[in-house]
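# Examination of the molecular architecture
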Amino acid sequence: MINKPDSGAATAETGTSDTQSAGKAMVAPEDRERAILYGILASGLEQAADRGWLAAVAALPRLDGDIGVPLAELSRIAATADPETLRREYHDLFIGVGRGEFVPYASYYLTGFLNEKPLALLRQDMRRLGIERDPDIHEPEDHIAAICAMMAGLIDGSFGEGDEEEASAFFRAHLAVWAPYFFKDLAASTTGELYPALGRLGQAFIAVEVEADRLFSERRKAS
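Residues numbered from 1 in each chain as written. Predicted model: local features only at pLDDT ≥ 70, side-chain atom pairs only at ≥ 80, totals over all residues. Heavy atoms only, no water.

## Description of the overall build of the protein chain
Across its full length, the protein chain holds 11 helices and 2 strands. Along the protein chain, from the amino end to the carboxyl end, the secondary structure elements read β-α-α-α-α-α-α-α-β-α-α-α-α. Per-residue burial for the protein chain yields a buried fraction of 47% across its 223 residues. If you take every contact in the protein chain between residues at least 6 apart in sequence, the share linking residues at least 24 apart comes to 68%. Accessible surface for the protein chain amounts to roughly 11,200 Å². Of this, 53% is attributable to carbon and sulfur atoms. (Helix = DSSP H or I, 4+ residues; strand = E, 2+ residues; numbered from the N terminus. Buried < 20%, exposed > 50% of the residue type's maximum accessible area, 1.4 Å probe, protein only. Contact = heavy atoms within 4.5 Å. Areas by Shrake-Rupley, 256 points an atom, 1.4 Å probe, with all protein chains shown as cover.)

## Some remarks on the packing of helix α2 (residues 29–46) against helix α8 (residues 144–156)
A packed helix pair is summarised by two numbers, namely the angle formed by the two axes and the spacing between the axes. The contact between α2 and α8 brings their axes to 8 Å, and the two run at 160°. One way to sum up the angle between α2 and α8 is to call them roughly antiparallel. By crossing handedness, the relation of α2 to α8 is classed as left-handed. Between α2 and α8, the contacting residues are Asp31, Arg34, Ala35, Tyr38, Gly39, Leu41, Ala42, Leu45 and Glu46 on the first element and Ile144, Ala145, Cys148, Ala149, Met151, Ala152, Ile155 and Asp156 on the second. In the contact of α2 with α8, the residues fall into 12 nonpolar, 1 polar and 4 charged. (Axes fitted to C-alpha atoms, helices over the stretch in contact; angles between N-to-C directions. Parallel < 35°, antiparallel > 145°, perpendicular 65-115°, else oblique. Left-handed = near helix turned anticlockwise from the far one by under 90°. Nonpolar A, V, L, I, M, F, W, Y, C, P; charged D, E, K, R; others polar.)

## Notes on unusual backbone geometry
Of note, Asn115 is a non-glycine position whose phi angle comes to about 60°, a positive value. Residue position: Asn115 is located in the loop between α6 (106–111) and α7 (117–129).

## Describing helix α9 (residues 164–174)
Buried residues of α9: Ala167, Ser168, Phe170, Phe171 and His174, and no others. Seen end-on, α9 carries its buried residues on one side only, within an arc spanning 165°. The inward-facing, buried residues of α9 contact α2, α7, α8 and α11 (194–222). Residue Asp163 occupies the N-cap position of α9, its side-chain oxygen lying 3.0 Å from the main-chain nitrogen of Glu165. (Arc of directions from axis to C-beta. Polar contact = N/O pair within 3.5 Å; in protein donor to acceptor, adjacent residues only side chain to side chain.)

## A closer look at α7
Along its 13 residues, α7 runs 18 Å from first to last C-alpha, staying within 8% of the 18 Å computed at 1.5 Å per residue. The complete set of buried residues in α7 reads Pro118, Leu119, Leu122, Asp125, Met126 and Leu129. Each buried residue of α7 lies within a common arc of 125° when the element is viewed along its axis, so the set occupies one face. In α7, the exposed positions angled more than 90 degrees off the buried face are occupied by Lys117 and Arg127. In the stretch just after α7, Gly130 is the one whose phi turns positive, near 75°. (Expected span 1.5 Å × (residues − 1).)

Following this line, the structure appears as C-alpha cells:
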C-alpha cells in the first residue's frame with residue numbers, strides 16, 4: 001500500500017536498496033520480530049488472506065509471553081482456513097454493501113468521519129519520512145494495514161533512518177491513539193475465526209508496544 005520514493009527503493013513488499021539492506025542487517029532480533037508482527041497485521045488486513053499468507057502464518061515460529069498465545073491461535077486457524085471463505089468474511093468485515101462491519105481508518109475511529117485531521121497529520125509525517133502511497137491504491141493512507149506497514153518499515157529501516165525515537169513518535173501519533181480500540185472490536189467480531197484471531201493478536205501486540213513505548217519514553221526523559 002505504500003512506497004519509499006528514493007531511487008534505490010521498491011515497495012515494502014518487493015525489495016529494498018543496498019543502504020536499506022545494510023540497515024536491516026543491524027536490526028536487533030527483538031525489533032526484527034516486532035517488524036514481522038507488524039507485517040503480519042498489515043498483510044492480513046490489507047486484503048483477504050490468500051494461500052501464501054495462510055501458509056506463511058501457519059509456519060511461524062512460536063513466541064513466548066503475551067504474544068505467544070494469540071499468535072499460536074492464529075497459526076492454528078491459518079493452517080486449515082479456506083481462502084474462499086476468507087474472501088467472503090473479509091468483504092463482510094471491511095467492505096460490505098455500502099460499508100462493512102468495521103471502518104479500519106484512523107480518521108473514522110478518532111473523529112467518526114473519513115479523510116479528517118488524523119489523515120492530514122499522517123500525510124505530513126509520511127512526506128517528512130519520504131514515504132509515498134502506492135499509486136495503484138486509492139484508499140486513504142490511514143488504513144490500519146498501511147500504518148502497520150509503515151511501522152514495520154520504520155523499525156526495520158525500510159523507511160526513515162531506522163531511528164528508535166522516530167518510530168516511537170510515529171507509533172504514539174498514528175497507532176497508539178486508536179489501534180487498541182480497532183483490534184478490540186475486531187477481536188470481538190463473530191464473523192469467522194481467522195479475523196477475530198488476527199484482532200486478538202493485534203490487541204495483545206499493541207498493548208505490549210504501548211507499554212514498551214512508555215518505558216522507552218521514561219528512559220529517554222531520564223537520560
